[in-house]
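Structural overview for review
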Amino acid sequence: MSHPPSDAARPHPSGAGPLAAPSACLPVPTADDRSAWSADRLDPPTLGALRARACADLAAPWPLPSASGFARIARDGDRAGYEGAVFAREQRLSRAVVMAAVTLDDAWIDEVADGVTLLCEQSTWCWPAHDEAFGRGEVVPDPARPFLDLGAGEVAAQLAWTDHLLGTALDHRYPGLRARVRHEVGHRVLTPFAARRDWHWLGLDGDVHNWSAWIHGHVLVAALVLAPEGTTRDRLVGLAVDGLEHYLASVPADGAVDEGFHYWWQGVCRALEALDVLHHASGGALDPAPAAALRETVAFPYRMHLGGPWYVNAADSPARVPPGQPWDALHRAARRTGDAAAEAHAAAQRRPGAPLAREEGGLGRLLRALTDPGWNGVRPAVPPLPRDVWLPSVQLFLARRAEGSCAGLTLAVKGGHNGEHHNHNDVGSVVVALNGVPVVVDPGRPTYTARTFGPDRYGVWTMRSDWHTVPRIRGTDQAPGAAYAARDVRVRSDEDEAVLSLDLAGAYPRSDVAGWRREARLDRRDGRVRVRETWDLAPSTGAGTGESATRVHLVLAGTVTTGEGYAVVTALEGAGAVRITWEPASTPCTTTVRLLDDPWLGDVWGERLTRIGIDVGALGPRGTLTWVVEELPERP
């Protein structure tokens, strides 16, 4: 889809007709509607948890993002400290907004006004890793040159939702504050959005990723509520709609997300939420029913599900889903598209007596979940767990023994290339789960720092292929870039087995690798996973030792013991144990334990990951190794 020039106006997006007034354009009742915001109408566990955290806030000072914290990304690469303070401030405001809407008490209105004013006085809403100040040799933001990134979009949308919900109360107790909000959002977000068409996240160069949907969705909310009615508002909404259309056109026909399951929530899901807002703002004239690719992508989360909180992870996605995902948004999208399996998957995340939403996902998501009767009334369901999944756009393959069950072993394999968004060098990576819990694993990613998206990204150990379950060939790891890709990928599945076969040679920057065929097979009869490695290398002067050795790496989670030709892995969460054997059994192996001191990794895998390196170099430049994973019976 093409974008209009910066001076083009779209009075009514797609010719849909007038948009609702700013006070009525978001799909959540305002606090003036006491039938919606009385405490007895809201989910008690959710409201109770929010109230407890909000009351605790009152005894503490507001979080303070500091100049020294902002500057750290230039000095030592740390971005988490500053962002943590920013996120804590925004989440405190979200809790206060809900309490103010429920009670309309002056004390909570005061808390909201304090939070809103602090955001208006914050030097920048941009996260430090994104600000252009560092490119100018500065380590503090310049308020005169705001940068529109994910963080700025988040704050603009939060202020818009706050204004929408509590406008009457704020006008009564804090006249003038809403005008301040409009000034700040206009200066920091809406004006730069319309004035600049060189934002990298617009995707005009063809590189469209989650930032596009994430920011356009937030700008849409801010424009609908805070922009002056008339040409200015219509033009801003039109530009946001154009950007969303451009993003949606990039979604592949199979609905897959190359950034992985975790980023589905920050890309496609953001687009679906924006469609929900557009539908309401246009009175249904803008039909939010997504096209075929969007209908397919509603299925992506359940297609990546291994069992419980575990998912097939690729790129920077963690294998264990973090708390606070907006399952209600998936549930609404599934209802809209008629995808009963996706609806059941979302409903399966509801736990009786547990909160139905949290504030970490943003104020808009929290308010939408609190006031969606379809989500509030949903009953827990059984996740669909499809028997086979094949997503050709990203070459992701999943197979389990039977539909609807994660019992026994589940196999997942990734082909693709090493130029994907949030890429890890992982072509051919294998994941095996036991009773839904990964035992042969993809580590995921650690806490983001300046290094994560800089020139030394592949110095981060989790990004490199030698910490994925792929070969290391003559001391060489896979290389980054779309040119380093799987070849000759073949998939088949029937009642007896599921098989993916691919050639990994193209992922390695070597001219002496004629082929490395990996065939991963789930035998549905005996429940075993068998992976056959067959390689064809040019002759060399020796087998290679140490760093120059050729090894098949297996990355394992849980407690690992090894012996000649085998390893036993006791899975996390009491899921059982597997035995991994390889032939020839005499092929030696090395074991490396990686202790995990990063919370993004430790919260998923515990204290350690273990890597086994099966040294196949001694088998010659042409050879075969087969490794087998089988579930061990429970001890009596």
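Summary of the structure given here. (Residues numbered from 1 in each chain as written. Predicted model: local features only at pLDDT ≥ 70, side-chain atom pairs only at ≥ 80, totals over all residues. Heavy atoms only, no water.)

Looking now at the overall build of the chain. Counting its secondary structure elements, the chain contains 18 helices and 21 strands. For the chain, the C-alpha radius of gyration of 26 Å lies close to 26 Å, the compact-globule estimate for 636 residues. Projected onto its principal axes, the C-alpha positions of the chain cover 80 × 55 × 50 Å. The burial tally for the chain puts 59% of its 636 residues in the buried class. In the chain, once contacts between residues fewer than 6 apart in sequence are set aside, the share between residues at least 24 apart is 71%. Element-wise, carbon and sulfur atoms account for 52% of the exposed surface of the chain, whose accessible area totals about 23500 Å². In the chain, the 64 positive side-chain charges and the 78 negative ones have mean positions that sit 3 Å from each other. (Helix = DSSP H or I, 4+ residues; strand = E, 2+ residues; numbered from the N terminus. Rg over C-alpha atoms; globule rule 2.2 N^0.38 Å. Buried < 20%, exposed > 50% of the residue type's maximum accessible area, 1.4 Å probe, protein only. Contact = heavy atoms within 4.5 Å. Areas by Shrake-Rupley, 256 points an atom, 1.4 Å probe, with all protein chains shown as cover. Lys, Arg positive; Asp, Glu negative; His and termini not counted. Charge placed at Lys NZ, Arg CZ, Asp CG, Glu CD.)

Following the sequence through the fold, arginine 89 ends up in helix H4 (residues 80-103). Of the buried charged residues, arginine 89 lacks a salt bridge, with glutamate 121 as the closest side chain of opposite charge at 7.6 Å. (Salt bridge = Lys/Arg side-chain N within 4 Å of Asp/Glu carboxyl O.)

A few words on the sheet that holds strand E21 (residues 622-631). The strand order across the open sheet formed by eight strands is E11-E12-E13-E14-E21-E18-E17-E16, and the pairing between neighbours is antiparallel. What marks the edges here is a single partner per strand, and that holds for strand E11 (487-493) and strand E16 (559-563). Geometrically, the sheet is characterised by an average inter-axis angle of 10° between neighbouring strands, direction not taken into account. (Pairing = 2+ DSSP bridges. Axes fitted to C-alpha atoms, helices over the stretch in contact; angles between N-to-C directions.)

Moving on, we get to the packing of aromatic side chains. Scanning the entire structure with this criterion turns up 15 aromatic pairs. Considering the side-chain rings of phenylalanine 87 and tryptophan 127, the 5.4 Å spacing of their centres and the 75° angle between planes classify their relative orientation as edge-to-face. Here the residue phenylalanine 87 occupies a position in helix H4, and tryptophan 127 occupies one in the loop between helix H5 (106-121) and helix H6 (150-173), the gap between them amounting to 40 residues. Seen in terms of ring centroids, tryptophan 265 and tryptophan 327 are 4.8 Å apart; in terms of plane orientation they differ by 80°. Their pairing is edge-to-face. Taken as a pair, tryptophan 265 in the loop between helix H10 (261-264) and helix H11 (268-281) and tryptophan 327 in helix H14 (residues 327-337) lie far apart in primary sequence, 62 residues in all. The exposure class assigned to tryptophan 327 is buried, which follows from its relative accessible area of 10%. (Phe/Tyr/Trp six-rings, centres within 6.5 Å; stacked < 30°, edge-to-face > 60°.)

Once that is clear, we can look at the pattern of salt bridges. Opposite charge on two side chains permits them to pair, given that their charged atoms come into close proximity. Using the criterion set out here, one finds 55 salt bridges in the structure. In this structure, arginine 530 engages aspartate 523 in a salt bridge whose closest nitrogen and oxygen atoms are separated by 3.6 Å. Arginine 530 gets classed as partly exposed once you look at its relative accessible area, which sits at 28%.

Turning our eyes to something else, we now look at empty space enclosed by the protein. Taken as a whole and assessed by the stated rule, the structure comprises five cavities of 30 Å³ or more. Each pocket or cavity is described by its volume, and for the largest cavity that value is around 90 Å³. The wall of the largest cavity is formed by 13 residues, among which Ser123, Thr124, Trp125, Pro146 and Phe147 lie closest to the centre. (1 Å grid on protein atoms, 1.4 Å probe; cavity = no way out; pocket = protein on both sides within 12 Å on 5 of 7 lines; lining within 4 Å. Points joined across faces, edges and corners; volume = space filled by probe spheres on them.)

On to the layout of surface pockets, then. Within this model, the second largest pocket holds a volume of roughly 480 Å³. Pro323, Gly324, Trp327, Gln349 and Arg351 are, among the 20 residues lining the second largest pocket, the residues nearest its centre. For the lining of the second largest pocket, a count of residues per class yields 12 nonpolar, five polar and three charged. (Nonpolar A, V, L, I, M, F, W, Y, C, P; charged D, E, K, R; others polar.)

The next thing to look at is unusual backbone geometry. For the bond running from glutamate 583 to proline 584, omega is 5°, close enough to zero to count as cis. For proline 584, the position within the fold is in the loop between strand E18 (577-583) and strand E19 (589-595). One non-glycine residue, leucine 385, lies in the positive phi region at around 45°. Along the polypeptide, leucine 385 turns up in the loop between helix H17 (373-376) and strand E3 (388-391). Look at histidine 422: it is not a glycine, yet its phi comes out positive at around 55°. Tracing the chain through its elements places histidine 422 in the loop between strand E6 (417-418) and strand E7 (430-434).

Looking now at the nonpolar core. Looking at soluble globular proteins, one finds that nonpolar side chains tend to be buried together. Grouped together as the largest cluster of nonpolar side chains are 191 residues, with contacts concentrated most on Trp37, Val185, Ile580, Trp605 and Trp627. In this view, tryptophan 37 contacts Val28, Pro29, Thr30, Ala31, Leu42, Ala101, Val102, Leu165, Leu367, Leu370 and Thr371; residues no more than four positions away in its chain are not counted. (Core = buried A, V, L, I, M, F, W, Y, C linked by side-chain atoms within 4.5 Å.)

By the element assignment, aspartate 388 lies in strand E3. With a relative accessible area of 27%, aspartate 388 lands in the partly exposed category. C-alpha separation for the pair aspartate 388 and serine 212, spaced 176 residues apart in sequence, amounts to 31 Å. Once you skip the residues sitting within four places of it in the chain, aspartate 388 turns out to touch Leu398, Ala399, Ser493, Ala498 and Arg524. A distance of 2.6 Å separates polar atoms of two side chains, one belonging to aspartate 388 and the other to arginine 387. At 2.4 Å, the side chain of aspartate 388 and the side chain of arginine 524 are in polar contact. (Polar contact = N/O pair within 3.5 Å; in protein donor to acceptor, adjacent residues only side chain to side chain.)

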